[in-house]
Amino acid sequence: MSAQLGRENILIGSLAQIGRCGLFLLRILTAIPLSMRYARETVRQLWFVGAMSLTIIMTCGLFVGMVLGLQLYHVLAIFGGTSATGSVVALAVYRELGPVVTALLFAGRAGTSITAEIGLMRATDQIAAMEMMAVDPIAYVIAPRFLAGLVAMPLLCCVFCGLSIFGGHLVAVDWLGVDNGTFWSNMTANVNVWNDVVNGLIWKSLVFGAVISLIAVFQGYTTPPTSEGVAYATTRTVVTSSIAILALDFVLTAFLM
Amino acid sequence: MSQRKSYAVGTGLFIVLGFAALAYLATQTTSVVNSHQGASYTVDAQFSDIGQLKERAPVKVAGVRVGQVQSITLDPGKAVADVTLLIDKKFSQIPANSVATIYTSGLLGDQYVGLQYGNAKAYLANGSHVGLTKSTQPLEEMLSKFLGSNGAADAIGGTYKVTAHFTNVGALTVGAPVKMAGVAIGSVSDVKADPVKLDATVTMSINKQYNQIPDDSAAAIFTSGLIGTQYVAIQPGGSPNSLKEGDQLVLTQSAVQLEDLIGKFLVSGSPSGNNNNAGGNGSSNQPAGKH
C-alpha cells in the first residue's frame, strides 16, 4: 500500500514538477519586458555563459571535427568515396553533433553555474532581500540568464560547427590527403543552407538553449535553501537537461527534416 | 566601470564571433540553392515522369544554373506532371523551342532540369510553355536496357527460345543477359539441372530480330569484369542454317571456376584429372564438342 502510494507520489510529483516548470516559463516570459530595464545584467550574463564557454566549445568542436574526418576517411575509403569526407563531416556536424554536443557542453559548463549561483542566492536569502526591496527577482535574476542562454547557444553552436569543419579539414586534407578543392566543393554541393544550417543548426540550438536555460534557472530558483539542496539541484540540472536534449533532438529531427 | 566595460567588450566580441561563424557556415560551406536574387520569370513544362525531381531543384543550361524548379503539380485528369521553372531574368534569351530534360547529376546525385537550346528566333517569355520535354530515365529501365533482361528485349517483337547444356553454370541466374559480340540479344529464361544427363540445362530467350544466328554457334558462360554478373555469350559458327525456336546449342563452354583455374595453375603438367571426368570439367577452355 505504501509502495503504491510512493509510486503515485513520484508520478504526481514529477507531473507537478513539469507543471511548475511550465508556469515558471510563463513567469519568465511575462517578466522579459520588465527585465529590459536590466539589459546590462543580460549582457553580463551573456559574457558569463557565452563568452566564457568559448574555450571549451572551440576545443571540443575542433576535436569532434578531427575525429569525424579521421573516422569518415577510413570508412569512405572502403567505398572509394573519400571525396565525400567534407560533405559528410559538414552534414553530421550541422544536423546532429553540433547542436547536441554544444548543448551537452553548455549544460555542463553554463547550466550548472547558473543553477548554483541562483541556488546560493536563494540559500543566502538574496532573493528574499530583492523581493523586500520590490525588485522582481524573476526580472532581475532569472530572465537575464534565460535570455543570455537563449542567445548564447546558437552562437556557440555556430562557433562549434566552424571549428569542427576546420578540424575535419585539418585531418582529411592536410593529413590524409583528400584534395582541398574536392573537400570544399563536395561540401558546398551537398549542404543546403535551409535544411541543414537553419533547420538543423539554428533551430535546434535555439530550442536546446531555451530548454537548458529554463531547467537551470528553474532548478536554481526552486532549490531547497541548504548547501545539500544546491548540490542536488546542480546535479539535477545536468541530468535533466541531458535527457531533455537527447529526447528533444529526436523529436526535432523528426519534425524539421 | 572599467570592469564592466571589459566584459561588455568581451560579450560584443563573442556575439561578433558567433555571427561571423554563422555567416561563414552559411556562405562558404553550403549551396545557397534556394535563394535567388533579382527578377525572374516563370515558364512551365510538362513531363510524363519527373522521377526524383524536387521543388527548388536547379535548372541548368550547359551545366550552369539559370534558375530553379518552382512547383511540381500533377495535371488533374492526365498522368502528366506540370513543372513550373523559375528562370533568372538575365537569362532571358532562351529559344522558345528549347528542350527541357530531367537529368541526374552523377549516378546517385540529385535530379535537375537541363535546357538544350533550340534554334528558334523567339525567346521564352514569362508564362510561356516549353513544348519539348524529355522525362527522367529510371535507372532500372536503363540498366535493363543495358543488361538486355526481359523487359526491354521482349518489347521489341517477341523472342524465341533455345537451350544449351553446361556442365557448370557457375552463378548464372534467370534474367542474366545473353550477348553476342558483347551486345545483349536476349536473356536467360530458365536454369535447371537435367536429371538424366546430370548437367545444367539453360533456356535462353533470344530476341526475334536476331534470327540469323548460325545453328552451330557456341554458347559460353562468361563473367563481366572480375566481380560482375555472369552472362551467356554466343560465339557464332559458320553453318548456313539459323537457330530456330526450340533448338539446342551443342557447343558449350561452362563457367570458369576460379578454384579450377588456380588449381590448374598450381598443378600444371598434370591435367590427367580432367580426363577422368566424363563431361570434361568446367575449366576447359575449348568450346569444342563435349556432347
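Residues numbered from 1 in each chain as written. Chains lettered and ligands numbered in written order. Predicted model: local features only at pLDDT ≥ 70, side-chain atom pairs only at ≥ 80, totals over all residues.

Going by an unreviewed UniProt entry, chain B carries the name Outer membrane lipid asymmetry maintenance protein MlaD and comes from Dyella monticola.

Named according to an unreviewed UniProt entry, chain A is Intermembrane phospholipid transport system permease protein MlaE originating from Dyella monticola. Per its UniProt entry, chain A bears the Sequence similarities (unreviewed entry) comment "Belongs to the MlaE permease family." For chain A, the Subcellular location (unreviewed entry) comment in UniProt is given as "Cell inner membrane". (UniProt positions renumbered as here; feature names shortened; annotations may be inferred.)

Moving on, we come to the overall build of chain B. When you go through chain B residue by residue, the secondary structure sums to 5 helices and 16 strands. Burial analysis of chain B (291 residues in total) assigns 26% to the buried set. A separation of at least 24 residues holds for 65% of the contacts in chain B among residues at least 6 apart in sequence. (Helix = DSSP H or I, 4+ residues; strand = E, 2+ residues; numbered from the N terminus. Buried ≥ 20, exposed ≤ 12 C-beta atoms within 10 Å, placed from the backbone. Contact = placed C-beta atoms within 7 Å.)

Residue and element names in this part refer to chain A. Phi at Ala134 is positive, roughly 60°, even though this residue is not glycine. For Ala134, the location among the structural elements is in the loop between α5 (126-132) and α6 (137-175). We classify Ala134 as exposed; it has 6 C-beta atoms within 10 Å.

Turning our attention to the sheet that holds strand β1 (residues 40-47) of chain B. All names here are of chain B. Spatially, the 8 strands line up as an open sheet ordered β7-β1-β4-β3-β2-β6-β5-β8, and their pairing is mixed. The sheet terminates laterally at β7 (129-130) and β8 (132-134), the two strands that pair on one side only. Pairing of strand β2 (residues 58-61) with strand β6 (residues 111-116), which is carried by 3 bridges, proceeds in the parallel orientation. The residue bridging Val61 from the neighbouring strand is Leu115, located in β6. (Pairing = 2+ DSSP bridges.)

Here we take up the interface of chain B and chain A. By a widely used convention, the size of an interface equals the accessible area lost when the partners come together. Each side of the interface is counted separately: chain B has 21 residues, and chain A has 24 residues. Of the residues that constitute the side of chain B that touches chain A, the class distribution is 14 nonpolar, 7 polar and no charged. (Nonpolar A, V, L, I, M, F, W, Y, C, P; charged D, E, K, R; others polar.)

Okay, the UniProt feature "transmembrane region" (unreviewed entry) in chain B next. According to UniProt, the positions carrying the feature "transmembrane region" (unreviewed entry) are residues 7-26 of chain B. Span residues 7-26 of chain B is 100% helix and 0% strand, its end C-alpha atoms 28 Å apart.

Turning our attention to the nonpolar core. If you look at the biggest cluster of nonpolar residues, it comprises 74 residues, and the most contacted ones within it are A:Leu156, A:Cys158, A:Cys161 and A:Val217. Secondary structure elements with two or more residues in this core: α2 (39-49), α3 (54-78), α4 (85-123), α6, α7 (180-190) and α8 (193-221) of chain A together with α1 (2-28) of chain B. With 23 residues, α6(A) is the largest single contributor of residues to this core. Among residues more than four places away in sequence, those in contact with A:Val217 are A:Ile114, A:Ile118, A:Ile142, A:Arg145 and A:Phe146. Listed in part, the 25 residues of the second largest apolar core include B:Val178, B:Ile206, B:Tyr231 and B:Ile234. (Core = buried A, V, L, I, M, F, W, Y, C linked by C-beta atoms within 7 Å.)

A few words on the UniProt feature "transmembrane region" (unreviewed entry) in chain A. Residues and elements named next belong to chain A. Per the UniProt record, "transmembrane region" (unreviewed entry) is annotated on residues 45-68, 75-94, 100-121, 142-166, 201-221 and 233-256. Regarding residues 45-68, the helix share stands at 83% and the strand share at 0%, and the terminal C-alpha atoms are separated by 33 Å. Taken as a whole, residues 201-221 contains 100% helix and 0% strand, while its terminal C-alpha atoms sit 30 Å from one another.

A few words now on the sheet that holds strand β13 (residues 218-223) of chain B. All names here are of chain B. Taken in spatial order, the 8 strands line up as β15-β9-β12-β11-β10-β14-β13-β16 in an open sheet, and their pairing is mixed. At either margin of the open sheet sits one strand with a lone partner, and together these are β15 (248-249) and β16 (251-253). As paired strands, strand β9 (residues 159-166) and β15 are joined by 2 bridges and run parallel to one another. Bridge pairing links Thr163 to Gln248 in β15.

To continue, consider the packing of α8(A) against helix α9 (residues 227-256) of chain A. All names here are of chain A. Relative to each other, α8 and α9 sit at 155°, their axes nearing to 9 Å. Considering their axes alone, α8 and α9 lie roughly antiparallel with respect to each other. Considering the relative orientation of α8 and α9, their crossing is right-handed. For the pair α8 and α9, the contacting residues are Asn199, Gly200, Trp203, Lys204, Val207, Phe208, Val211, Ile212, Ile215, Ala216, Gln219 and Gly220 in the first and Ala233, Arg236, Thr237, Thr240, Ser241, Ala244, Ile245, Leu248, Asp249, Leu252 and Leu256 in the second. (Axes fitted to C-alpha atoms, helices over the stretch in contact; angles between N-to-C directions. Parallel < 35°, antiparallel > 145°, perpendicular 65-115°, else oblique. Left-handed = near helix turned anticlockwise from the far one by under 90°.)

Residue and element names in this part refer to chain A. Their axes nearest at 6 Å, the elements α3 and α6 cross at an angle of 40°. Taken together, the axes of α3 and α6 lie oblique to each other. For the crossing formed where α3 meets α6, the hand is right-handed. Class assignment for the residues of the contact of α3 with α6 results in 20 nonpolar, 6 polar and no charged.

Time to look at the confidence of the model for chain B. Residues and elements named next belong to chain B. This prediction gives chain B a mean pLDDT of 75; 75% of its residues lie at or above 70. Helix α3 (residues 150-154) is the least confidently modelled element of chain B, averaging 42 in pLDDT, while strand β12 (residues 200-207) averages 88, the highest of any element. Here residues 148-155 is modelled with pLDDT under 50, and outside its nearest four sequence neighbours on either side it reaches 20 contacts, counting other chains as well. A low-confidence stretch, residues 271-291 (pLDDT under 50), is modelled with 33 contacts involving residues beyond four sequence positions or located in other chains. The ipTM for the predicted assembly is 0.73, set against a pTM of 0.59. (pLDDT = per-residue confidence, 0-100.)

Glancing now at the pairing of β12(B). Residues and elements named next belong to chain B. Most of β12 sits inside the fold, with 6 of its 8 residues counted as buried. The pairing of β9 with β12 spans 8 bridges and is antiparallel. Residue pairing for β12: Phe166 is matched across the bridge by Ala200. Pairing geometry for strand β11 (residues 183-193) and β12, over 7 bridges, is antiparallel. Looking at β12, one finds that Asp190 is bridged to Thr203. In sequence, β11 turns back onto β12 through a hairpin of 6 residues, with Leu198 there showing a positive phi of about 60°.

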